[in-house]
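# Coordinate analysis (summary)
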Amino acid sequence: MTAAAVLDASPKLSARPRTLSPLLALARGIGTIVAVLLFASFGTFALGAIAGSSPGAVALGSDATPAAIAAFDHNVGYDRPMIVRYVDWLTSALSGDLGTSWFSGIPVAKSLADRLPVSLSLAGLALLIAIVVGGAAGILAGMRRRTIVDRAITVTSGALSTLPPFVAGIGLIVIFSVGLGALPSGGYVPATAGFGTWLSFLILPAVALSLDAACEITRQLRTGIVSAMEENYVTGAVVRGLTPRRIMFGHVLRNAAGPALAVVGLHIPRLIGGAVVTEAVFALPGMGQLARDSALQGDIPVVQGILLVVLGLVLVSNTVVNVLLERLRPHAARADS
């Protein structure tokens, strides 16, 4: 095989149309979202009913009589069959009405609207740190494979990946807040107070939350690059005199990024779920704190609303990742032709 033929075999150089696979992945993702949301919402609603909590017991407190609790439950329609209540709840949820908190009487949608920006800011910043730091470290380790730089990055990422977010968070507070006094140890201010102030309150919890994802991206990207560098199309590119930077960012990285991108999809639920512990360590008023307080109070509508929103975020983000993976998959491009 000539060098030109080898280079032509590179998936990057294929000129064939490749729009069908991403569209099919998007359609499959939407179908999955609808099916999983229906199944999970019914399961969540059923678990709330099985738990035995009632709005009357939560709203009226421990001094309420059984008759008063029964009257309250009847007034809000809680004594109807579970399936009837689920259909009503689901119909209202589709229009944005997630019910009312049994404990505070505040609409669940309003509580989520107040807390969601905090959790999204934390998870989004953590994901950005993981992609940028993990991606840069993975590329550097792959380009300097089998050198001391590669070994140092591999050992460091392996060690950091063993730290749970709350341990990393406490360590960061001790170093940067207590020791250096450079950053606040907890709390949150909105971005409207100024980007620098907002970032100073969010950077430590975001770093603590991002460590596991960043280390996994580093390892997967490094492995993918090392494997891709041994492919024939890289040899052909070298023979044709392409620069190392063009080979890496024009050919190798595209084919090596698939496993790292899959890791991003797998870690998005962990970033959102792990924020519950991180929010507690840094006293962030996000959905994690709201979910914990609501679960302790037996406030089922709030817990159901949080689970529904988190599930929707995870499914949508994973659908986006799947579409991007289809765009990167060489055989999908060839299959569309």
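Starting from 1, residues in each chain are numbered consecutively following that chain's sequence as written. A pLDDT threshold of at least 70 governs which residues receive local features in this predicted model, and a stricter bar of 80 or more applies before side-chain atom pairs are shown or counted, although totals over entire chains, interfaces and linings include all residues. To obtain the side-chain values, all non-hydrogen atoms of the structure were used and water was disregarded.

### Considerations on the pattern of salt bridges
Heads up, the condition is: Here, a salt bridge means any side-chain nitrogen of Lys or Arg that lies within 4 Å of a carboxyl oxygen of Asp or Glu. A run of H or I in DSSP becomes a helix once it reaches four residues, and a run of E becomes a strand once it reaches two; helices and strands are each numbered from the N terminus. Three labels apply to residues, based on accessible area from a 1.4 Å probe with only protein chains included: buried if under 20% of the type maximum, exposed if over 50%, partly exposed otherwise in between.
Counted according to the given criterion, the structure contains six salt bridges. Here R146 ties to E230 by a salt bridge, and the two come within 3.8 Å at their closest N and O atoms. With R146 in the loop between α6 (108-143) and α7 (148-160) and E230 in the loop between α9 (195-228) and α10 (232-239), the pair connects residues that are 84 residues apart, well separated along the chain. Residue R146 is classed as exposed on the basis of its relative accessible area of 54%. Of the residues examined, E230 reaches a relative accessible area of 56% and is grouped as exposed.

### A word on the environment of G96
Relative to the assigned elements, G96 resides in the loop between α5 (82-94) and α6. For the pair G96 and A109, spaced 13 residues apart in sequence, the C-alpha separation works out to 7.1 Å.

### Observations concerning the side chain of S317
Condition: For this analysis, a polar contact is any N or O atom pair within 3.5 Å, provided that within protein one partner can donate a hydrogen and the other can accept it, and provided that sequence-adjacent residues contribute only side-chain to side-chain pairs.
By the secondary structure assignment, S317 is in helix α13 (residues 300-328). For S317, a relative accessible area of 16% gives the class buried. Engagement of the side chain of S317 in a polar contact is seen with the backbone oxygen of V314, the distance being 2.9 Å.

### Observations regarding unusual backbone geometry
The backbone phi angle of R146 is positive, close to 60°, even though this residue is not glycine. Notably, A283 is not glycine yet its phi reads approximately 55°, a positive angle.

### A few points about the side chain of S294
Just so we agree on the cut-off: Any pair of residues with heavy atoms lying within 4.5 Å of one another is described as a contacting pair.
Summarising the element assignment, S294 is placed in helix α12 (residues 287-297). Excluding residues that lie within four positions of it along the chain, S294 makes contacts with D299, V302 and V303.

### Side note on the nonpolar core
To keep it simple, the criterion reads: By nonpolar core we mean a set of buried residues, namely Ala, Val, Leu, Ile, Met, Phe, Trp, Tyr and Cys, connected to one another through side-chain atoms within 4.5 Å.
Counting residues in each nonpolar core, the largest one holds 27 residues, and the members touching the most others are I217, L221, I225, I247 and V252. Among the secondary structure elements, those contributing two or more residues to this core are α6, α9, α10, α11 (244-281) and α13. When sequence neighbours within four positions are dropped, the list of residues in contact with L221 reads G135, G138, I139, L253, A256, A257 and A260. Residues W198, L204, A275 and L284 belong to the second largest nonpolar core, which totals 20 residues.

### Considerations on the UniProt feature "transmembrane region" (unreviewed entry) in the protein chain
Defined as follows: UniProt positions are given in the numbering used here, feature names are shortened, and annotations may be inferred rather than shown by experiment.
Listed under "transmembrane region" (unreviewed entry) in the UniProt record, and renumbered for this structure, are residues 25-51, 120-142, 163-183, 195-215, 256-282 and 302-325. Segment residues 195-215 splits into 100% helix and 0% strand. End C-alpha atoms: 27 Å apart. With 100% helix and 0% strand, residues 302-325 has its two end C-alpha atoms placed 35 Å apart.

### Focus: α7
In an α-helix there are 3.6 residues to a turn, and that puts residues three or four apart on one side. Rules: Multiplying 1.5 Å by the helix residue count minus one yields the expected span of that helix. In this description, the arc belongs to the directions extending from the helix axis to the C-beta atoms.
In this model α7 runs 18 Å from its N-terminal to its C-terminal C-alpha over 13 residues, within 8% of the 18 Å that 1.5 Å per residue would give. Within the span of α7, buried status applies to D150, I153 and S157. Summarising the axial view, the buried residues of α7 lie within an arc of 70°, below the 170-degree limit, and thus occupy one face. Facing away from the buried side of α7 by over 90 degrees, the exposed positions are I148, R151 and V155. Along its buried surface, α7 packs onto α6 and α9.

### Here we look at the environment of L172
Tracing the backbone shows L172 in helix α8 (residues 165-179). Taking the C-alpha atoms as reference points, L172 and L204, 32 residues apart in sequence, are found 6.6 Å from one another. When near neighbours in sequence (up to four residues on either side) are disregarded, L172 contacts S177, L204, V207 and A208.

### A word on the packing of α6 against α12
Short version of the rule: For every element, the axis is a line fit to its C-alpha atoms; helices are fit only across the contacting stretch, and the angle between N-to-C directions ranges from 0 to 180 degrees. Here is the rule for angles: anything less than 35 degrees is roughly parallel, anything more than 145 is roughly antiparallel, 65 through 115 is roughly perpendicular, and the remaining ranges are oblique. All amino acids are sorted into three groups, where Ala, Val, Leu, Ile, Met, Phe, Trp, Tyr, Cys and Pro are nonpolar, Asp, Glu, Lys and Arg are charged, and the leftover types, Gly among them, are polar.
Where α6 meets α12, the axes come as close as 8 Å, and the angle between the chain directions of the two elements is 130°. Between α6 and α12, the interaxial angle falls into the category oblique. Note on element contacts: α12 touches α6 through M287, G288, Q289 and L290, opposite S111, L112, R115, L116 and S119. Looking at the contact of α6 with α12 residue by residue, the class counts come to four nonpolar, four polar and one charged.

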